Amino acid sequence: MKLLSQKLMSELQQRLDKIHSETAEPLEYAEHGIKASIAVLEKLKTKFILHQFQNKTDEIEFFRYCKPQLASKLIYYNEIFTITSNKPIGSKKTIRNYYKAELAKLEFFFNENLEFYRYYRTGNQTLDNKYFVRGKFDVKLTLDSFYFQADQRFSTSHDYKVAKILANDALKVFLESEMQKLDEIQTSQSINDNHKGQSWTGSKVALIELIYALHAEGVFNNGQSELKEVVKSFESAFGVDLGQFHRVFLEIRARKSERTKFLNSLKDKLVLRMDDADEI
């Protein structure tokens, strides 16, 4: 099981690296990350159900180290998908407060499970026979309700908690990174405020529609520019924060009629100006 777990973990990491190389948009890579993680965990479970451990030491090693590494990826990407989907559309202060609230949730989980954190982080093994052996749960040892709903052929009382700890470590890095991006945008906008330029006074939805059209046409760097970089350039040029532009695009795509509303309007008004110029 250890070798199989390592092989599947390597395959999953390669897949995740490819996903991140193809998109930097959290909502998009989280969705793909969830699907990839589920597929690998299903492979592991299928093989595991048919496996018989030679001794308790091997079983403990699997549930303490092997399975949580894989399961933590699913938890991590699922949390990113949820956080990004629920992120408010508003000022940087509003978004920052939202991220702070999410960080507070991680801190709450840490405080609620402080004793087990210490046990796991210090490498203590005295209770491994209860924590990481199937069917050995003890209600006095801070169980998650998730355990009672899980397939107990493939779960112990605390392997999920280890996976959650690993996922939370990565999630903390993600949230702090997103807050850092807010600071960078604010700094960029402050610099732009010191220079006279054009301000975008149309709707953000319209600008996002325009950006997607230009990117699809491949007019930036011979079509080699990443969408996110193009969006950053427009944000910097016009002093605007486009926030979750990917989610806005999904809403544009889902329009019942006239999906390219702004582009159609641009065309009509340009033709009208040409007609007016012909009459002069």
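Check the entry above for the structure.
What you see as residue numbers is a count from 1 along each chain, following the sequence as written. Residue-level local features of this predicted model are given only where pLDDT is at least 70; pairs of side-chain atoms are given and counted only at 80 or more, and the full residue set underlies all totals for whole chains, interfaces and linings. Heavy atoms throughout the structure, all of them, feed into the side-chain values; hydrogens and water do not.

Considering the pattern of salt bridges
Working step 1: Think of a salt bridge as a Lys or Arg side-chain nitrogen and an Asp or Glu carboxyl oxygen that are within 4 Å of each other. Enumeration according to the criterion identifies 15 salt bridges in this entry.
Working step 2: Of the charged contacts in the structure, one is a salt bridge between Glu 11 and Lys 7, with a shortest N-O distance of 2.6 Å. Here Glu 11 pairs with Lys 7, and both are found in helix H1 (residues 2-22), just four residues apart, close to one helical turn.
Working step 3: Think of it in three bands: residues with accessible area under 20% of the maximum for their type are buried, residues over 50% are exposed, and the middle band is partly exposed, with areas taken using a 1.4 Å probe on protein chains only. For Glu 11, a relative accessible area of 31% corresponds to the partly exposed category.
Working step 4: With relative accessibility at 48%, the residue Lys 7 sits in the partly exposed group. Only DSSP runs of H or I reaching four residues or more are called helices, and only runs of E reaching two or more are called strands; each is numbered from the N terminus.

Quick notes on the packing of helix H9 (residues 204-217) against helix H11 (residues 245-253)
Working step 1: In this analysis, axes come from line fits to C-alpha atoms, helices being fitted only over the stretch in contact, and the angle between any two N-to-C directions falls in the range 0 to 180 degrees. Here H9 crosses H11 at 90°, and the two axes come no closer than 10 Å. The pairing of H9 with H11 is recorded here as roughly perpendicular in orientation. Here Val 205, Ile 208, Glu 209 and Tyr 212 of H9 lie close against H11, whose contacting residues are Phe 245, His 246, Val 248, Phe 249 and Ile 252.
Working step 2: Residue type decides the class: Asp, Glu, Lys and Arg count as charged, Ala, Val, Leu, Ile, Met, Phe, Trp, Tyr, Cys and Pro as nonpolar, and the leftover types, Gly among them, as polar. Of the residues in the contact of H9 with H11, the class split is seven nonpolar, one polar and one charged. Angular relationships are summarised with four words: roughly parallel below 35 degrees, roughly antiparallel beyond 145, roughly perpendicular across 65 to 115, and oblique for the angles in between. When checking whether two residues touch, look at their non-hydrogen atoms; a contact exists if any pair is within 4.5 Å.

As for helix H3 (residues 56-85)
Working step 1: In a helix, the anticipated span is given by 1.5 Å times the number of residues less one. Along its 30 residues, H3 runs 42 Å from first to last C-alpha, staying within 8% of the 44 Å computed at 1.5 Å per residue.
Working step 2: Its axis deflected by about 45° at Pro 68, H3 carries its strongest bend there.
Working step 3: Capping the start of H3 is the job of one residue whose side-chain oxygen sits 3.1 Å from the backbone nitrogen of Thr 57: Asn 55. Bend, at a single residue, is the angle you get between axes fitted to the 7 residues ending at that residue and the 7 residues starting at it. Any pair of N or O atoms that falls within 3.5 Å is considered a polar contact. Within protein, one atom must be able to donate a hydrogen and the other to accept it, and sequence-neighbouring residues count only if both atoms are side-chain atoms.

Notes on the side chain of Thr 84
Working step 1: Relative to the assigned elements, Thr 84 resides in helix H3.
Working step 2: Judged by relative accessible area, Thr 84 falls into the buried class, the value being 6%.
Working step 3: Discounting residues that sit within four places of it in the chain, Thr 84 has contacts with Glu 25, Pro 26, Leu 27, Phe 174, Gln 244 and Arg 247.

Overview of the packing of aromatic side chains
Working step 1: Stacked, tilted and edge-to-face are the three classes assigned to paired rings of Phe, Tyr and Trp, where Trp is represented by its six-membered ring and a pair needs centres within 6.5 Å; plane angles under 30 degrees give stacked, over 60 edge-to-face, the rest tilted. All chains considered together, the criterion is met by 23 aromatic pairs.
Working step 2: Note on Tyr 76 and Tyr 77: the rings are 4.9 Å apart at their centroids and 70° apart in plane angle, and the pair reads as edge-to-face.
Working step 3: Classification of Tyr 76 as buried rests on a relative accessible area of 14%.
Working step 4: Overall, the relative accessible area of 4% leaves Tyr 77 in the buried class.
Working step 5: Directly above the aromatic system of Phe 154 lies the positively charged group of Lys 67, at a separation of 4.3 Å from the ring centroid.
Working step 6: Only Lys NZ and Arg CZ are tested; either one counts as a charge over a ring when it is within 6 Å of the ring centre and within 35 degrees of the ring normal. For Lys 164, the ring lying beneath its charged end belongs to Phe 109, and the centroid distance is 5.8 Å.

Examining helix H4 (residues 92-112)
Working step 1: Under the 1.5 Å per step criterion, the end-to-end length of H4 is 30 Å for 21 residues, consistent within 8% with the ideal 30 Å.
Working step 2: Every buried residue of H4 is accounted for by Lys 92, Ile 95, Tyr 98, Tyr 99, Glu 102, Leu 106 and Phe 109. Here the buried residues of H4 occupy an arc of 135° about the axis, which is enough to place them on one side. Exposed and oriented more than 90 degrees from the buried face of H4 are Lys 93 and Phe 108. Here the arc refers to the directions that run from the helix axis out to each C-beta atom.

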